[in-house]
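Structure assessment
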Amino acid sequence: MVLDIGAGTSDYTILANGKMINETRDTVRKGGNNVQQRVNRALRAEGKSLNPAVVEAGVVFGQVKSGARTVDITSHVRKAKAQVAEEIVSELSASLQGIGYNLQDIEYLLVIGGGSLNGATESISVPIVENLRLQAPDLASVSLPSDLNARLMNVIGASILAK
């Protein structure tokens, strides 16, 4: 399976023998922006109302400036990524089961897209794989070759690469 984590959506498809199974190609309306929104809400609950661009950078770097003070927000980022990952996996799993595919039948997972990249905290792909393995314990994670940019890949491009 290939999962492309974008800003507002996560696209996925299952590959068999190097070919995309079109009926499994779908989109979950969750992505990196949902992580930022959750972090922003957590910061507001602490009385910190920050510019969205500051929060966006904070999600990547694990800290924000609040006045003259630098605030570590890695715990908020990890929690938000875990929550969004759980929602992505829940929707993805329900969708695939709805068309007769079982997650336990999937051997490998390749996570691509901007959301798959590490920042100050681990990539959202880590809690996604953890959540998927609750339903498919033998799922193996595949790494993209180092000469390819995960941010520039998409589901179709990755399916071509799989051939």
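What counts as what
Residues numbered from 1 in each chain as written. Predicted model: local features only at pLDDT ≥ 70, side-chain atom pairs only at ≥ 80, totals over all residues. Heavy atoms only, no water. Pairing = 2+ DSSP bridges. Helix = DSSP H or I, 4+ residues; strand = E, 2+ residues; numbered from the N terminus. Axes fitted to C-alpha atoms, helices over the stretch in contact; angles between N-to-C directions. Parallel < 35°, antiparallel > 145°, perpendicular 65-115°, else oblique. Contact = heavy atoms within 4.5 Å. Nonpolar A, V, L, I, M, F, W, Y, C, P; charged D, E, K, R; others polar. pLDDT = per-residue confidence, 0-100. Salt bridge = Lys/Arg side-chain N within 4 Å of Asp/Glu carboxyl O. Buried < 20%, exposed > 50% of the residue type's maximum accessible area, 1.4 Å probe, protein only. Left-handed = near helix turned anticlockwise from the far one by under 90°. Core = buried A, V, L, I, M, F, W, Y, C linked by side-chain atoms within 4.5 Å.

Re the pairing of strand 2 (residues 10-16)
Bridge analysis of strand 1 (residues 2-5) against strand 2 gives four bridges, and the strand direction is antiparallel. Of the residues in strand 2, the one forming a bridge with Val2 is Thr13. Hairpin connection of strand 1 to strand 2: four residues between the antiparallel strands. Pairing analysis gives six bridges linking strand 2 to strand 3 (residues 19-28), with the strands arranged antiparallel. Bridging from a neighbouring strand, Asp11 pairs with Thr27 of strand 3. Remark: two residues form the turn of the hairpin made by strand 2 and strand 3, two consecutive strands paired antiparallel; Asn17 in that turn has positive phi of roughly 55°.

Side note on the packing of helix 1 (residues 32-45) against helix 2 (residues 52-61)
For the pair helix 1 and helix 2, interaxial distance at closest approach is 9 Å and the crossing angle is 105°. As far as their axial angle goes, helix 2 and helix 1 are roughly perpendicular. Of the residues in helix 2, those touching helix 1 at Val35, Gln36, Val39, Asn40 and Leu43 are Val55, Glu56 and Val59. Taken together, the residues that form the contact of helix 1 with helix 2 break down as five nonpolar, two polar and one charged.

Looking at the confidence of the model for the protein chain
Low-pLDDT portions of the prediction should not be read for the details of their coordinates. When the pLDDT values of the protein chain are averaged, the result is 87; 86% of them are 70 or greater. Least confident of the elements in the protein chain is helix 5 (residues 155-162), whose mean pLDDT is 52; most confident is helix 3 (residues 74-98), at 96.

As for the pattern of salt bridges
Considering all chains together, one arrives at three salt bridges under this definition. Note that Lys30 is salt-bridged to Glu87, the shortest N-O span being 3.6 Å. Here Lys30, found in the loop between strand 3 and helix 1, pairs with Glu87, found in helix 3; they are 57 residues apart in sequence, far enough to count as distant. With a relative accessible area of 25%, Glu87 lands in the partly exposed category.

Looking at unusual backbone geometry
You will see that Asn17, though not glycine, has its phi angle at about 55°, which is positive. A relative accessible area of 82% means that Asn17 is categorised as exposed.

Re the packing of helix 1 against helix 3
Packing of helix 1 against helix 3 leaves a shortest axis separation of 9 Å and a crossing angle of 135°. The orientation of helix 1 with respect to helix 3, classified from their angle, is oblique. Handedness of the helix 1/helix 3 crossing: right-handed. Contacts between helix 1 and helix 3 involve Asn34, Val35, Arg38, Val39, Ala42 and Leu43 from the first element and His76, Val77, Ala80, Lys81, Gln83, Val84 and Glu87 from the second. The residue inventory of the contact of helix 1 with helix 3, partitioned by class, reads seven nonpolar, three polar and three charged.

Quick look at the nonpolar core
Residues Met1, Val39, Leu92, Ile128 and Leu132 are the most contacted members of the largest nonpolar core, which totals 33 residues. The set of elements that each furnish at least two residues to this core consists of strand 1, strand 2, helix 1, helix 2, helix 3, strand 6 (108-112) and helix 4 (125-135). Setting aside its immediate chain neighbours within four residues, Met1 contacts Tyr12, Thr13, Ile14, Leu92, Leu96, Leu103, Ile106, Tyr108, Leu109, Leu110 and Leu132.

A look at the sheet that holds strand 6
Across the sheet, which stays open at both edges, the five strands sit in the order 3-2-1-6-7 with mixed pairing between neighbours. A single partner strand is all that each edge strand has here, and the edge strands are strand 3 and strand 7 (140-142). The average undirected angle you get between the axes of adjacent strands in this sheet is 25°.

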